[in-house]
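Here is what each chain is made of, one letter per residue.
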Amino acid sequence: MGESREKLVLIGNGMAGMNTIEHIIKLAPHKYDITVFGSEPHPNYNRILLSYVLAGDSKVEDIVIHPMEWYEANGIHLYSNETVTSVDTAGQNVTTDSGLTVAYDKLIVATGSNPFMLPLPGADKEGVMAYRTIRDCEIMIEASQQYKKAVVIGGGLLGLEAARGFLNLGMQVDVVHIVDTIMERQLDRTASKMLQEALEAQGMNFLLEKQTESIIGDERVQGLKFKDGTVAEADLIVMAVGIRPNVALARESGLEVANGIVVDDYLQTSVPNVYAVGECAQHRGAVYGLVAPLYEQGAVLAKRLAGAETVPYEGSVVYTKLKVSGVDVFSGGQFMDAEDTKAIRVHDEFSGIYKKVVVKDNKIVGAVLFGDTADGTRLMQMIRNGDDISGLEKTAILRDNSGSGNGGGSGVAEMADDAIICGCNGVSKGTICSAIKDQGLTSVEEVKNCTTASRSCGGCKPLVSELLSYTLGDAYEKTSGKETICGCTDHSREEILAAMKEKGLSHVKEVMSVLAWKNEGGCSKCRPALNYYLAMLNPTTYADDPTSRFVNERMHANIQKDGTYSVIPRIYGGVTSPAELKRIAEVAEKFEVPTVKFTGGQRIDLLGVKKEHLTQMWEDLDMPSGYAYGKALRTVKTCVGDTYCRFGTADAMGMGIQLEKRFERLNTPAKVKMAVSGCPRNCAESGIKDLGVVAIDGGWELYAGGNGGVKVRAGDLMMVVKTESEVIEYTEAYLQYYRETGIYGERTSEWVKRLGIDTIKEVISDPEQRAGLCARMNETLSVTKDPWKEAVNNATIRKDLYEVVEIKS
């Protein structure tokens, strides 16, 4: 029998708590049985990067730090979408909102913080929200598709990121702030005004020195009224006015709480065996909201719990280096002038660069950098070290080091090995350089995966790149342009596909083994991609690897934020019948579906379905899966065409049904939506679909690469054909070419832009190439099966995926 492990429970699946767990696993991998509870339905993700998701630059899966597979691989019991509601500190156990009780030997409370909502009259109206979670991002993105005017209350970092996201979503945005400078907690007046000017040039409108009085509107918000009597119109109001430590559970459980949960220098709370870390913890009277101090706390706590020697946590020097809407900003230490300080300033109004270093008693105590933050890391190191600068030429402190040879503008060559490069994760120059040499790292992504440097805010990526250049010299230049599919491998997509073909690779793990994957088991980026590429190359022989699919695709239903599922049956061309509608209604009643909603793709969404009801519901529906969860054909939207419309020139519904029946269940690099319009009035919105079909007199126009999502793009006219059979033939060729050349996760709008519509036209216009593409498409479609029917008819699938087992302890 193995050694008995202690039970470690973490309340809070966020960055601070999970960073602590990651450290503990490295230090003492066999010491604990670890259980994690998180109120959100997602694995641990990088909250700092939510703005990139909102801006449409990243997808949710891109900001995940620890994918579900990581928890499984490390033997961690994760209960997502489950909230701990009580802690019995005498009995040493926790109980959740579902009634689950789990015992602990050691407990970490990392409940983070809650967004502060101003108690304004009208704050409960529809359209008033905070900005804190993935779900908040999703709501904001959805709102942008219907509404045009947003107001953000709060001119701090979070508020500005939200405002930038709204601009990217095509909305007008006002930023309301109570004082006359933005980001006043990080920037002095000069830097703040420079940032304001830069953001105004991007389209933001600032309403400064404004005190909000009430939110006006009926059921939904219509505007924001100020105490000076003025009003700002708004369809959506986001409050980004700060956060408050989430201490309700701790207080109810008897832990000492002030502003946060009071902890000592080893993060111990007032109760034995209970620790607190992150935004909910209060140490020596201070509560921190930036990630670097939280990780510093986590490092100390992890060593403590792992039984390793550690120095106490004595507080953090707060600093931040970030990019606000594309503008580089650094702020650290005591950056405001005081009676006992002097400052060194450089202000280049032509280049938009401002630098200020604050000095007290011949030591640098703070700095603000705007426009050029290359000196930030070096200055922060001098602040930490308390370096005496009395012997230095003062102007040299801000001197550009670009002429010093290796290392670039920040002078990485002259940095000491213990200089901290990544403040968020506490990674030093020496650690990074050693990893580059010892592990053969050649890219920023590889350094991130190996050392965690640049994994959080990403502000140190340029420095990491400079260290790569400094360490590898010309060798880095030769490899830096190569784009690998993820940090687990040095190989690009093209190299991997070539190896699959040449070596006859047929399994995900085989690919990883033969191509010497650096991360055994891969990650959430490469495993689904490899699974797709193998299936695309070998459609009739490849056995799909469900473990390499995202959870929604494994379950064939979209998991919702409350842990229930969404069920959308296929309704070909958006055309149904009274009998089918009656059956859907009966199923909805039988399973007490709380919400039945029509989707934008002309079908019906049954929301709030329990996991254990899925297969029985599918059997009762007796309809094919609508694939609303997959990287596959989703919908073919149609208008009524010439069947009923006096303007219609062709049978749009019939054409749409043909297309949907032909390509249902077709896996593609990303989701695919189609539409068929019966005339150029385009009532089915064919111009913004991955493939849009528009009837014209005597034929059909085919449009490629349209998108109606975050990055709206009108499709390019790809082809004009005469007959319905030609529509099918050219669509087959188009989709197969996309399947073969698209990057996994790449929508057709991005793919068309990358390849160029002329290239795509040339390929599918060529009879020989088109015939080959259609033949391969036909082979692929010949082996597809409906996943709902498979699950209904297979007891093993039902047991493994859909059976619910109650856990009692």
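Residues numbered from 1 in each chain as written. Predicted model: local features only at pLDDT ≥ 70, side-chain atom pairs only at ≥ 80, totals over all residues. Heavy atoms only, no water.

1. Describing the overall build of the protein
Item 1. Per the secondary structure count, the protein includes 26 helices and 36 strands.
Item 2. Here the protein has a C-alpha radius of gyration of 28 Å; the compact-globule value for 809 residues is 28 Å, and the two agree.
Item 3. On the principal axes, the C-alpha backbone points of the protein span a range of 85 × 65 × 65 Å.
Item 4. Looking at the protein residue by residue over its 809 residues, the buried ones come to 52%.
Item 5. The contacts of the protein with a sequence gap of at least 6 include a subset with a gap of at least 24, amounting to 61%. (Helix = DSSP H or I, 4+ residues; strand = E, 2+ residues; numbered from the N terminus. Rg over C-alpha atoms; globule rule 2.2 N^0.38 Å. Buried < 20%, exposed > 50% of the residue type's maximum accessible area, 1.4 Å probe, protein only. Contact = heavy atoms within 4.5 Å.)

2. Considerations on the sheet that holds strand β13 (residues 212-217)
Item 1. Here 3 strands make up an open sheet; going across it, the order is β13-β14-β15 and the pairing antiparallel. Two strands lie at the open edges of the sheet, namely β13 and β15 (231-233), each paired on one side alone. Strand-to-strand twist across the sheet, computed as the mean angle between neighbouring axes with direction ignored, equals 25 degrees. (Pairing = 2+ DSSP bridges. Axes fitted to C-alpha atoms, helices over the stretch in contact; angles between N-to-C directions.)

3. Overview of the pattern of salt bridges
Item 1. This model, assessed by the stated rule, comprises 36 salt bridges.
Item 2. Where R378 meets D375, a salt bridge forms, and the shortest distance between an N and an O atom there is 2.8 Å.
Item 3. Note on R378: relative accessible area 17%, which makes it buried.
Item 4. Of the residues examined, D375 reaches a relative accessible area of 1% and is grouped as buried.
Item 5. Sharing partners across several salt bridges, the network here consists of D188, D337, R345 and K356. (Salt bridge = Lys/Arg side-chain N within 4 Å of Asp/Glu carboxyl O.)

4. Considering the packing of helix α10 (residues 429-439) against helix α12 (residues 461-472)
Item 1. With their axes 10 Å apart at the nearest point, α10 and α12 run at an angle of 55 degrees to one another. Taken together, the axes of α10 and α12 are oblique relative to one another. Relative to α12, α10 is oriented so that their crossing is right-handed. Mapping the contact onto sequence places K429, I432, C433, I436 and K437 in α10 and V464, L467, L468, Y470, T471 and L472 in α12.
Item 2. Split by residue class, the contact of α10 with α12 holds 8 nonpolar, 1 polar and 2 charged. (Parallel < 35°, antiparallel > 145°, perpendicular 65-115°, else oblique. Left-handed = near helix turned anticlockwise from the far one by under 90°. Nonpolar A, V, L, I, M, F, W, Y, C, P; charged D, E, K, R; others polar.)

5. Comments concerning the sheet that holds strand β3 (residues 77-79)
Remark on secondary structure: sheet strands pair via backbone hydrogen bonds, oriented parallel or antiparallel.
Item 1. The sheet built from 5 strands is open, its strands ordered β3-β2-β1-β7-β19 with parallel pairing. Each having just a single partner strand, β3 and β19 (274-276) make up the two edges of the open sheet. Here the average twist between neighbouring strands, direction ignored, is 15 degrees.
Item 2. Pairing of strand β2 (residues 32-37) with β3, which is carried by 3 bridges, proceeds in the parallel orientation. Opposite T35, over in β3, you have H77 as the bridge partner.
Item 3. Against the sheet, helix α1 (residues 15-27) makes contact with β1 (6-11), β2 and β7 (106-109), and its axis sits at roughly 155 degrees relative to β1, the strand it touches most.
Item 4. With respect to the sheet, helix α8 (residues 291-306) is in contact with β1, β2, β7 and β19, its orientation differing from that of β7 by roughly 175 degrees.

6. A short note on the layout of surface pockets
One water molecule sets the probe size; rolling that probe over the atoms shows where empty space is left.
Item 1. Taken as a whole, the second largest pocket encloses approximately 930 Å³ of empty space.
Item 2. Lining the second largest pocket are 32 residues, and of these D544, R549, N667, K785 and E790 lie nearest its centre.
Item 3. Sorting the residues of the lining of the second largest pocket by element identifies α16 (526-537), α17 (551-555), α25 (787-793) and α26 (795-802) as the ones contributing at least two each.
Item 4. Element by element, the count of residues in the lining of the second largest pocket is highest for α26, at 5 residues.
Item 5. Looking at the lining of the second largest pocket residue by residue, the class counts come to 16 nonpolar, 7 polar and 9 charged. (1 Å grid on protein atoms, 1.4 Å probe; cavity = no way out; pocket = protein on both sides within 12 Å on 5 of 7 lines; lining within 4 Å. Points joined across faces, edges and corners; volume = space filled by probe spheres on them.)

7. Overview of the domain arrangement of the protein
Item 1. Domain annotation for the protein reports domain 1 (6-112 + 246-306), domain 2 (115-244), domain 3 (423-481), domain 4 (493-549) and domain 5 (631-785).
Item 2. Domain 3 and domain 4 are separated by 27 Å when their C-alpha centres are compared. (Domains from an automatic or database assignment.)

8. Brief notes about helix α24 (residues 767-781)
Item 1. With 15 residues, α24 extends 21 Å between its outermost C-alpha atoms, agreeing within 8% with the 21 Å of an ideal straight helix rising 1.5 Å per residue.
Item 2. Each element contacted by the buried residues of α24 is listed here: α20 (652-663), α21 (724-741) and α23 (757-765). (Expected span 1.5 Å × (residues − 1).)

9. Considerations on the environment of M653
Item 1. On the secondary structure map, M653 appears in helix α20.
Item 2. Separated by 11 residues in sequence, M653 and D642 have C-alpha atoms that sit 9.0 Å apart.
Item 3. Those residues in contact with M653 that sit more than four places away from it in its chain are V575, T638, C639, V640, T643 and Y644.

10. Quick notes on the pairing of strand β11 (residues 172-177)
Item 1. In terms of burial, β11 is largely enclosed, as 5 of its 6 residues are buried.
Item 2. With 5 bridges joining them, strand β10 (residues 149-153) and β11 adopt parallel strand pairing. Counted as the bridge partner of V151 is D174 from β11.
Item 3. Once you follow β10 into helix α5 (residues 157-168) and on to β11, the crossover reads as right-handed. (Right-handed = clockwise from strand over helix to strand, strands pointing away.)

11. A closer look at empty space enclosed by the protein
Item 1. What the rule picks out here adds up to 2 cavities of 30 Å³ or more.
Item 2. Estimates place the volume of the largest cavity at around 100 Å³.
Item 3. Taken together, P528, N531, Y532, A535, D544, S548, R549, E553, K631, N667, T668 and Y744 make up the full set of residues lining the largest cavity.
Item 4. Here the lining of the largest cavity takes 4 residues from α16, the largest share from any one element.
Item 5. Counted by class, the lining of the largest cavity contains 4 nonpolar, 4 polar and 4 charged residues.
Item 6. Each of domain 4 (493-549) and domain 5 (631-785) contributes no fewer than three residues to the lining of the largest cavity.
Item 7. Lining the second largest cavity we find V87, T89, L107, V109, L249, A250, S253, L255 and V274.
Item 8. Of all elements in the fold, only β7 and α7 (248-252) reach the threshold of two or more residues within the lining of the second largest cavity.
Item 9. Residue composition of the lining of the second largest cavity, by class: 7 nonpolar, 2 polar and no charged.

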